[in-house]
There are 2 protein chains.
Amino acid sequence: MTAPSTPAPRPTLEAVAAHAGVSRATVSRVVNGGAGVRSSLAGRVLRAVDELGYVPNRAARSLVTRRHDAVAVVIAEPETRVFADPFFAQQLRGISKELTAHDSQLVLLLVEGRDDYARVGRYLAGGHVDGALVFSVHLDDELPDIIRRSALPTVFGGRPDRGGECAPYVDCDNRGGAREAVRHLRSLGRKRIAHIAGPPDQTSAVDRLDGYRDVLPEADPALVARGDFTPAGGERAMRELLDRAPELDAVFAANDLTAAGALRVLHERGRRVPEDVAVVGFDDMEPVVEQTRPPLTTVRQDIEGMGRLMARLLLRGLERGGVRGAPCGDSVTAPASVITPTALVRRASA
Amino acid sequence: MTAPSTPAPRPTLEAVAAHAGVSRATVSRVVNGGAGVRSSLAGRVLRAVDELGYVPNRAARSLVTRRHDAVAVVIAEPETRVFADPFFAQQLRGISKELTAHDSQLVLLLVEGRDDYARVGRYLAGGHVDGALVFSVHLDDELPDIIRRSALPTVFGGRPDRGGECAPYVDCDNRGGAREAVRHLRSLGRKRIAHIAGPPDQTSAVDRLDGYRDVLPEADPALVARGDFTPAGGERAMRELLDRAPELDAVFAANDLTAAGALRVLHERGRRVPEDVAVVGFDDMEPVVEQTRPPLTTVRQDIEGMGRLMARLLLRGLERGGVRGAPCGDSVTAPASVITPTALVRRASA
DNA sequence: ACGGTGGGTGAGAGCGCTCCCTATCCTGGC
DNA sequence: GCCAGGATAGGGAGCGCTCTCACCCACCGT
């Protein structure tokens with residue numbers, strides 16, 4: 001500590017071997033699980049490792065194994081407030097837990113804009129990581145294609161646009177959750193159920209709108225307004241809806257933030273919630289849901305669980321040497337996508 | 001792509017050398033800046049690199065250079081909603097930009113609880129990264145100590161508890177910002193200025209409270225209530241304050257979320273803002289500040305900038321071979337801490 | 001014209017690890 | 001009691017790169 005010039009002479013396998021009186025190969029075997037080593041010897045090696053404070057040199061190991069025990073997490077367009085969203089924080093937590101358990105590193109790649117795509121593609125193709133977990137929420141985004149071309153084992157977070165059937169992804173059951181929300185409103189006896197949709201260039205928003213339409217195929221088009229997943233967008237859309245269809249008695253908002261905005265406008269316009277208008281959101285985002293008045297009924301998804309699942313899917317694929325550039329439908333190497341269930345959480349707003 | 005068994009034969013330095021008709025050493029020189037190579041030759045090498053799509057093998061490089069071009073970002077206790085906070089997202093963005101510009105990787109370490117500290121310490125001491133950027137917001141947290149013991153070059157985000165004068169850190173001017181907020185309220189003619197403090201185990205909260213006291217050393221202790229940086233805490237504290245000191249005419253909240261909670265209670269109790277009670281927050285967190293009614297006057301800090309600064313400080317230290325376990329006050333190797341300025345943003349609430 | 005100078009280049013030794021292959025030991029079967 | 005054969009251990013090559021050092025050659029001064 002006090003001597004800044006001491007470069008901390010990290011012990012090598014060689015040193016451990018000498019200390020334990022065995023060969024490098026044996027130490028290596030012990031360090032990597034110890035299969036095929038007499039337990040008495042293994043014990044001696046372990047003790048030596050401990051006494052010397054030996055930590056394997058990852059670089060040397062990668063050099064020969066060609067694995068890196070590292071996974072890239074790519075988050076596109078953090079410029080938008082998308083990244084600031086607690087959503088990613090939770091997914092990251094899930095991913096982190098799973099990777100840590102597998103002794104893998106999490107390399108975070110924040111992509112600022114399309115200019116960066118080439119750099120990211122190069123990085124991924126550069127063979128510095130074993131796989132990638134990619135969040136790219138927008139339709140017609142070229143990032144998924146670039147990544148697929150890199151032939152790196154990949155799992156997407158959220159259904160990607162094109163070729164969703166090719167690339168494995170993890171997404172919640174947006175459509176099913178939306179159906180449940182709308183059915184709940186209908187079961188409450190509501191007749192004029194409106195929907196504030198999310199941005200039409202995001203698959204999650206599209207799927208939720210589809211779910212709404214599944215239940216209400218004949219719904220008046222005037223009952224659907226477009227939001228953008230933000231409270232401000234929710235306010236705007238709610239005003240539009242109230243002007244266009246003042247007789248509405250329920251709103252299914254594409255996410256909780258949108259619902260929060262809508263609630264404010266409803267109060268402003270003197271509509272009581274849930275008496276006059278029932279409101280349901282989507283996401284069950286704690287900090288939002290707890291702060292609305294009344295507390296928001298919403299569709300919950302297990303975000304952290306989705307993160308874990310993504311990581312698990314990728315790691316499992318890596319173990320089996322799969323995922324890599326698997327052609328569509330090659331279920332032998334490519335793990336199947338997973339749609340996680342959602343659950344309606346009833347609070348006071350509906 | 002279609003052949004999943006092709007292990008993508010990545011070209012090596014050797015291959016490039018052969019292709020360009022030079023030695024490995026020369027290619028290495030060119031790839032690493034090209035100093036001391038005739039430009040005609042360098043051109044030929046560059047062309048070969050391009051044609052073969054050569055990407056240096058990081059592992060092989062690290063093995064000999066003992067550098068990794070990787071920095072760990074340690075975020076402690078993401079369990080609390082701290083991590084979900086857009087705050088970290090923004091800092092990460094700043095850090096990511098800076099690291100990317102230096103061609104360094106960002107290895108994210110999410111620490112779940114004290115049980116994980118040992119693991120993190122081992123990882124950092126394990127020599128897999130060149131340095132660390134650490135966020136540990138709590139007082140009496142052992143993490144900073146553990147990390148300091150790892151002798152890894154480190155920059156802290158936010159003033160750490162003990163030995164803040166030893167470890168370089170980047171923090172905003174919490175105390176000065178608080179002073180400015182309170183002075184602003186005083187300049188508005190407010191006489192009974194209350195403060196809702198943050199959790200007393202976080203340096204930022206303590207510093208803000210200190211700033212309040214700097215300006216109002218004689219303030220009635222009944223005017224200070226304790227919050228916890230959450231809206232719920234803000235509500236609770238505001239109720240307390242109104243009960244204890246109903247004549248108060250201004251509130252300086254330790255952060256925006258707290259202010260949001262306080263605002264709700266003020267409305268509830270029929271106090272007009274800012275006419276009866278002026279309110280100032282801290283952070284200028286967009287999604288919050290925009291949604292309060294009235295829009296919140298607050299103290300802004302350049303969060304992304306702080307992230308960049310942390311990374312820059314660390315990288316600069318690494319270049320100079322410093323930061324590493326530098327004894328207190330060793331200004332030669334250890335970069336000094338940086339306190340970034342804050343700015344009052346006036347909106348309708350004060 | 002000749003030794004000196006120095007920029008430019010190549011040869012070669014490893015960095016720390018894994019893994020193939022061979023050497024050794026011990027066990028059991030006859 | 002002897003050998004086949006499995007279980008363990010060690011030897012050694014080499015992963016792809018950097019870096020020191022020796023070398024080469026053109027050009028300088030005298």
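The structure presented is a predicted model; accordingly, all values stated were derived computationally and were not measured.

J.: Which residues make up the protein's contact with DNA strand D, and what values do they have?
T.: The immediate surroundings of DNA strand D are formed by 27 residues, with R66(A), L13(B), S28(B), Y54(B) and R61(B) found nearest. Counting only the atoms of DNA strand D that lie within 4 Å of the protein, the sugar and phosphate share comes to 68%. Contact distances for DNA strand D include 2.8 Å between a phosphate oxygen and a side-chain N or O atom of R61(B). Per element, the largest residue contribution to the surface near DNA strand D is five residues, and it comes from helix α4 (residues 58-65) of chain B. Partitioning the surface near DNA strand D into residue classes produces 13 nonpolar, eight polar and six charged.

J.: I'd like to hear about the UniProt feature "domain: HTH lacI-type" (unreviewed entry) in chain A, residue by residue, with values.
T.: Summarizing the sequence annotation, UniProt attributes the feature "domain: HTH lacI-type" (unreviewed entry) to residues 11-65 of chain A in the numbering used throughout. Between the C-alpha atoms that bound residues 11-65 of chain A the distance is 21 Å, and the span itself is 69% helix and 0% strand.

J.: How would you summarise the domain arrangement of chain A if you had to cite specific residues and measurements?
T.: Residues and elements named next belong to chain A. In terms of domains, chain A is made up of domain 1 (13-65), domain 2 (70-172 + 305-340) and domain 3 (174-302). The partner domain 3 presents twelve residues to the 14 residues of domain 2 that form the contact. Around 1200 Å² of area is buried between domain 2 and domain 3 when both sides are counted, 50% of it from carbon and sulfur atoms. Area buried by domain 2 at its contact with domain 3 is led by L139, R159 and C172, which between them contribute 41% of it. Inspection of the domain 2/domain 3 interface yields one salt bridge. The closest approach of N and O atoms between D207 and R159, which form a salt bridge, is 2.7 Å. Tallied by class, residues from the side of domain 2 that touches domain 3 come to seven nonpolar, two polar and five charged.

J.: Requested: an account of the sheet that holds strand β12 (residues 342-345) of chain A, with residues and values cited.
T.: Residue and element names in this part refer to chain A. Taken together, six strands build an open sheet; the order of strands is β7-β6-β8-β9-β10-β12 and the sheet is mixed. Strand pairing shows two members of the sheet lacking a second neighbour, β7 (224-226) and β12, which therefore form its edges. Each adjacent strand pair in this sheet contributes to an overall mean axis angle of 20 degrees, direction not counted. Summarising the sheet, strand β6 (residues 193-197) and β7 pair through three bridges and their orientation is parallel. Within the sheet, the bridge partner assigned to H195 lies in β7 and is V224. Helix α9 (residues 203-215) rests against β6, β7, β8 (250-253), β9 (278-283) and β10 (297-301) of the sheet, and its axis sits at about 165 degrees to β6.

J.: Can you break down helix α10 (residues 231-244) of chain B residue by residue, with the values?
T.: An ideal rise of 1.5 Å per residue puts 20 Å on 14 residues; α10(B) measures up with 20 Å between its terminal C-alpha atoms. Residues P231(B), G233(B), G234(B), E235(B), A237(B), M238(B), L241(B) and L242(B) constitute the buried set of α10(B).

J.: Requested: an account of a nonpolar patch on the surface, with residues and values cited.
T.: On the surface, a nonpolar cluster with roughly 350 Å² of combined accessible area is contributed by L63(A), V64(A), L63(B) and V64(B). Every element with two or more residues in the nonpolar patch is listed here: α4 (58-65) of chain A together with α4 of chain B. Mapped onto the fold, V64(B) is located in helix α4. For V64(B), a relative accessible area of 62% puts it in the exposed group.

J.: So what about the protein's contact with DNA strand C? Which residues, and what values?
T.: Around DNA strand C there are 27 residues in total, and L13(A), Y54(A), T26(B), R38(B) and R66(B) lie nearest to it. Among all atoms of DNA strand C positioned within 4 Å of the protein, those belonging to sugar or phosphate total 66%. Within the contact set of DNA strand C, a base nitrogen lies 3.4 Å away from a backbone nitrogen or oxygen of A60(A). If you list the elements that add at least two residues to the surface near DNA strand C, you get α2 (24-31) and α4 of chain A together with α2 (24-31) and α4 of chain B. Top element by residues in the surface near DNA strand C is α4(A). It accounts for five residues. Residues that form the surface near DNA strand C fall into these classes: 13 nonpolar, eight polar and six charged.

J.: Quick one: what's the story with the side chain of H184(A), residue by residue and with numbers?
T.: All names here are of chain A. Along the polypeptide, H184 turns up in helix α8 (residues 174-187). Among the residues examined, H184 registers a relative accessible area of 7% and is labelled buried. A distance of 3.1 Å separates a polar atom in the side chain of H184 from the backbone oxygen of A350. Among residues more than four places away in sequence, those in contact with H184 are V280, T297, L344, R346 and A350.

J.: Got a sec to walk through the environment of P199(A)? Specific residues and values, please.
T.: All names here are of chain A. Note on placement: P199 falls in the loop between β6 and α9. A relative accessible area of 11% places P199 in the buried class. The sequence separation of P199 and D228 amounts to 29 residues, and the corresponding C-alpha distance is 4.7 Å. Residue contacts for P199: discarding those within four places in its chain leaves A205, G227, D228 and F229.

J.: Can you break down the environment of I339(A) residue by residue, with the values?
T.: All names here are of chain A. Within the secondary structure layout, I339 lies in strand β11 (residues 338-340). Using a relative accessible area of 44% as the deciding quantity, one classes I339 as partly exposed. Sequence-wise, I339 and L318 are 21 residues apart; in three dimensions their C-alpha atoms are separated by 21 Å. With near-sequence residues (within four places) excluded, I339 lies in contact with Y169, D171, C172 and D173.

J.: Now, about the sheet that holds strand β8 (residues 250-253) of chain B: what can you tell me, with residues and values included?
T.: Residue and element names in this part refer to chain B. Taking strand neighbours across the sheet as the criterion, the six strands line up as β7-β6-β8-β9-β10-β12 in an open arrangement whose pairing is mixed. Each having just a single partner strand, β7 (224-226) and β12 (342-345) make up the two edges of the open sheet. Between one strand and the next, the sheet's axes are offset by a mean angle of 20 degrees, whatever the strand orientation. Examined bridge by bridge, strand β9 (residues 278-283) and strand β10 (residues 297-301) share four bridges and lie parallel to one another. Considered in β10, the bridge of F282 is made with V299. Sheet strands in contact with helix α11 (residues 256-268) are β6 (193-197), β8, β9 and β10, and its direction is about 155 degrees off that of β9.

J.: So, the packing of aromatic side chains: which residues are in play, and what are the values?
T.: This structure, assessed with the given rule, holds six aromatic pairs over all chains. Ring geometry for F88(B) and F135(B): centres 5.1 Å apart, planes at 85 degrees, overall edge-to-face. In this pair, F88(B) is assigned in helix α5 (residues 86-101) and F135(B) in strand β3 (residues 131-135), connecting sequence segments 47 residues apart. Overall, the relative accessible area of 4% leaves F88(B) in the buried class. F135(B) sits in the buried class, given a relative accessible area of 3%. Every member of this aromatic cluster is reached through a ring pair, and the members are F87(A), F88(A) and F135(A). A cation over an aromatic ring shows up here: R208(A) above the ring of F282(A), its NZ or CZ 3.8 Å from the ring centre.

J.: Account for the packing of helix α1 (residues 13-20) of chain B against helix α3 (residues 39-52) of chain B, naming residues and giving values.
T.: The axes of two packed helices give the description: the angle between them and the distance between them. Residue and element names in this part refer to chain B. For the pair α1 and α3, the least separation of the axes is 9 Å and the interaxial angle reads 125 degrees. Accordingly, the angle class assigned to the pair α1 and α3 is oblique. As for the relative orientation of α1 and α3, their crossing is right-handed in sense. Here A15, V16, H19 and A20 of α1 lie close against α3, whose contacting residues are R44, V45, A48, V49, E51 and L52. Among the residues forming the contact of α1 with α3, the class breakdown is seven nonpolar, one polar and two charged.

Each value, and the rule that gives it
- Residues numbered from 1 in each chain as written.
- Chains lettered and ligands numbered in written order.
- Predicted model: local features only at pLDDT ≥ 70, side-chain atom pairs only at ≥ 80, totals over all residues.
- Heavy atoms only, no water.
- Near = heavy atom within 4 Å.
- Polar contact = N/O pair within 3.5 Å; in protein donor to acceptor, adjacent residues only side chain to side chain.
- Helix = DSSP H or I, 4+ residues; strand = E, 2+ residues; numbered from the N terminus.
- Nonpolar A, V, L, I, M, F, W, Y, C, P; charged D, E, K, R; others polar.
- UniProt positions renumbered as here; feature names shortened; annotations may be inferred.
- Domains from an automatic or database assignment.
- Contact = heavy atoms within 4.5 Å.
- Buried area = accessible area lost by both parts, 1.4 Å probe.
- Salt bridge = Lys/Arg side-chain N within 4 Å of Asp/Glu carboxyl O.
- Pairing = 2+ DSSP bridges.
- Axes fitted to C-alpha atoms, helices over the stretch in contact; angles between N-to-C directions.
- Expected span 1.5 Å × (residues − 1).
- Buried < 20%, exposed > 50% of the residue type's maximum accessible area, 1.4 Å probe, protein only.
- Patch = residues over 30% accessible without salt bridge, like charges linked within 9 Å, V, L, I, M, F, W, Y side chains within 5 Å.
- Areas by Shrake-Rupley, 256 points an atom, 1.4 Å probe, with all protein chains shown as cover.
- Phe/Tyr/Trp six-rings, centres within 6.5 Å; stacked < 30°, edge-to-face > 60°.
- Lys NZ or Arg CZ within 6 Å of the ring centre and 35° of its normal.
- Parallel < 35°, antiparallel > 145°, perpendicular 65-115°, else oblique.
- Left-handed = near helix turned anticlockwise from the far one by under 90°.

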